[in-house]
Structure formats: structure tokens, C-alpha cells
Amino acid sequence: GAGVSQSPSNKVTEKGKDVELRCDPISGHTALYWYRQSLGQGLEFLIYFQGNSAPDKSGLPSDRFSAERTGGSVSTLTIQRTQQEDSAVYLCASSENYGYTFGSGTRLTVV
Amino acid sequence: EDKVVQSPLSLVVHEGDTVTLNCSYEVTNFRSLLWYKQEKKAPTFLFMLTSSGIEKKSGRLSSILDKKELFSILNITATQTGDSAVYLCAPNTNAGKSTFGDGTTLTVKP
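Residues numbered from 1 in each chain as written. Chains lettered and ligands numbered in written order. Predicted model: local features only at pLDDT ≥ 70, side-chain atom pairs only at ≥ 80, totals over all residues. Heavy atoms only, no water.

Caption draft 1: Representation of the overall build of chain A within the structure. A tally of helices and strands in chain A yields zero helices and 10 strands. For 111 residues, the compact-globule formula gives about 13 Å, and the C-alpha radius of gyration of chain A, at 13 Å, lands near that figure. Residue burial in chain A is summarised as follows: out of 111 residues, 48% are buried. Across chain A, contacts joining residues at least 24 apart in sequence account for 53% of those joining residues at least 6 apart. For chain A, the accessible area works out to roughly 5,400 Å², and carbon and sulfur atoms hold 42% of it. Of the charged side chains in chain A, 10 are positive and 11 negative; the average position of the first set lies 4 Å away from that of the second. (Helix = DSSP H or I, 4+ residues; strand = E, 2+ residues; numbered from the N terminus. Rg over C-alpha atoms; globule rule 2.2 N^0.38 Å. Buried < 20%, exposed > 50% of the residue type's maximum accessible area, 1.4 Å probe, protein only. Contact = heavy atoms within 4.5 Å. Areas by Shrake-Rupley, 256 points an atom, 1.4 Å probe, with all protein chains shown as cover. Lys, Arg positive; Asp, Glu negative; His and termini not counted. Charge placed at Lys NZ, Arg CZ, Asp CG, Glu CD.)

Caption draft 2: Structural context of the confidence of the model for chain B. The pLDDT averaged across chain B works out to 93; a share of 100% of its residues lies at or above 70. Ranking the helices and strands of chain B by mean pLDDT puts strand β8 (residues 71-76) of chain B first, with 98, and strand β5 (residues 43-49) of chain B last, with 91. (pLDDT = per-residue confidence, 0-100.)

Caption draft 3: Structural detail: the sheet that holds strand β7 (residues 61-66) of chain B. All names here are of chain B. Strand order across the open sheet formed by five strands is β1-β3-β8-β7-β6, with antiparallel pairing between neighbours. At either end of the open sheet lies a strand with only one pairing partner, and these are β1 (3-7) and β6 (56-58). Strand-to-strand twist of the sheet, defined as the mean angle between neighbouring strand axes without regard to direction, takes the value 15 degrees. One ladder, built from six bridges, connects β7 with β8; its direction is antiparallel. Bridged to Ile 64 within β8 is Ile 73. (Pairing = 2+ DSSP bridges. Axes fitted to C-alpha atoms, helices over the stretch in contact; angles between N-to-C directions.)

Caption draft 4: Examining the packing of aromatic side chains more closely. Inspection of the entire model under this criterion finds 15 aromatic pairs over all chains. Ring plane angle 70 degrees and centroid distance 6.0 Å describe the contact between A:Phe102 and B:Phe100, whose orientation is recorded as edge-to-face. One end of the pair, A:Phe102, is in strand β9 (residues 101-102); the other, B:Phe100, is in the loop between β9 (85-93) and β10 (104-109), on a second chain. Both residues of the pair, A:Phe102 and B:Phe100, count as buried. Members of the aromatic cluster, joined through ring pairs, are A:Tyr33, A:Tyr35, A:Phe45, A:Tyr48, A:Tyr100, A:Phe102, B:Tyr36, B:Phe45 and B:Phe100. (Phe/Tyr/Trp six-rings, centres within 6.5 Å; stacked < 30°, edge-to-face > 60°.)

Caption draft 5: Quick look at the sheet that holds β9(B). Residues and elements named next belong to chain B. A sheet is described by the order of its strands in space; here five strands give the open sequence β2-β10-β9-β4-β5, paired in mixed fashion. Single-partner strands in this sheet number two, and they are β2 (10-14) and β5. Mean inter-strand twist for the sheet, computed between neighbouring axes without regard to direction, equals 25 degrees. Note that strand β4 (residues 30-38) and β5 share six bridges and pair antiparallel. If you follow Leu 34 over to β5, its bridge partner there is Met 48.

Caption draft 6: Spatial organisation of the side chain of B:Ser98. With respect to the secondary-structure elements, B:Ser98 resides in the loop between β9 and β10. Using a relative accessible area of 1% as the deciding quantity, one classes B:Ser98 as buried. Looking at B:Ser98, its side chain comes within polar contact range of the side chain of B:Asn92, at 2.9 Å. Setting aside its immediate chain neighbours within four residues, B:Ser98 contacts A:Tyr35, A:Tyr100, B:Leu34, B:Ala90, B:Pro91 and B:Asn92. (Polar contact = N/O pair within 3.5 Å; in protein donor to acceptor, adjacent residues only side chain to side chain.)

Encoded structure:
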């Protein structure tokens, strides 16, 4: 596609429920990143996929968080048993050589 | 642990003013430094800097990198209200991963 597409754009969920966030990167971009941004804060790295290499999961804050990238394209970030501190904007970005192109993000609110 | 510090955290100026935003970093396996502008949701790419002392310019924006002192500056001249945004600095490593600073919030008043 023309840009990085994320869905849903907004998600309100009850504490303890699982959520799935989707990212459709720019076609042909081999690198895909997930970041999250809490209100008024900078971007916090979560996970990075590069081609067929094992993903860099060093930023995932707990084992409730997982992500996969199927067929080198679409990625899904899953948060299990959501907590209120998981509330944030989750941003996906893809890259080919340099400079990320970000999606518009998913605003997750855990109530 | 990689570290990025941006200053000031926030800045309020009037249209026509010139601003300088600072970014200092400590990053293992540094490859490049990128600047982004974030208005509503998604950051948008401004500059990529890889070499020291070479200024990159785009209209009223310019940026330069000092790899010896580990910092970069972003200058905006003749500011306009449309420049109001959060400006993010992000060193990038050889592995392709970026660490973002907390950003500088710039407000340009008419």
C-alpha cells in the first residue's frame, strides 16, 4: 500500500481482556517496528522484525506482550490480560534502508 | 543502555523567531541520527545525518551532527505556527533499531 496501515485506530478494552493490534507495512519494506507512546512521553521500543531474521524482542515489557509477522508482511501485536498501564498509542513503522514510515497508530485504552 | 537526551523539553516562541533544538546521545554501534516531527499521531521523517559537520537543509529547517561530541542540533528559522509540533531525535544503530528521545515540544504563537 501507499503507507503503513494500522488497525483499529482506537480500542477500548476492559482490564484483563486480550487485544490484538494489526500493522500492514509498506509493500517491500523488510523492516517492521513496534513502538508505544504513553501520554506526553517519548517512543518506547517494543519489537523489531528484519526480513527472515529472529525478531529483536528486547523492548517487550512483559511476557503478556507478543508479536508476530506473517509472510514477511502483516504484523500483529498481542497483549494478553491487559492492565491499565498498557494504555498508550501503539505505533508501527516500516523501513527499507533508512528513516521509518510510521502508521497512524492504535490508541489503546484499558478501563 | 542506549540513551538520548533532548533539550529543551518545551519551547514557546513567536512567529518569525529562530529556534535551536538539541539532542545528545550515547548509543552502541551508532550508524545514523534521524530527526522526526510529530504533530497529531505519527512522526514524520525530517532528516537523516550520518557524517559529522555536514549540514542538511530543507527549507527553513537545517540540522547538523557532531559524532565526536555525540550531539545534533535542529534549527528552524523564521518559525511559523505550522511548525508547532514535537520534534524527536532518534539515533539508529547498525542493527537498524532506533532509540527515541522524549522530544522537544515547540509551540509557535502568532
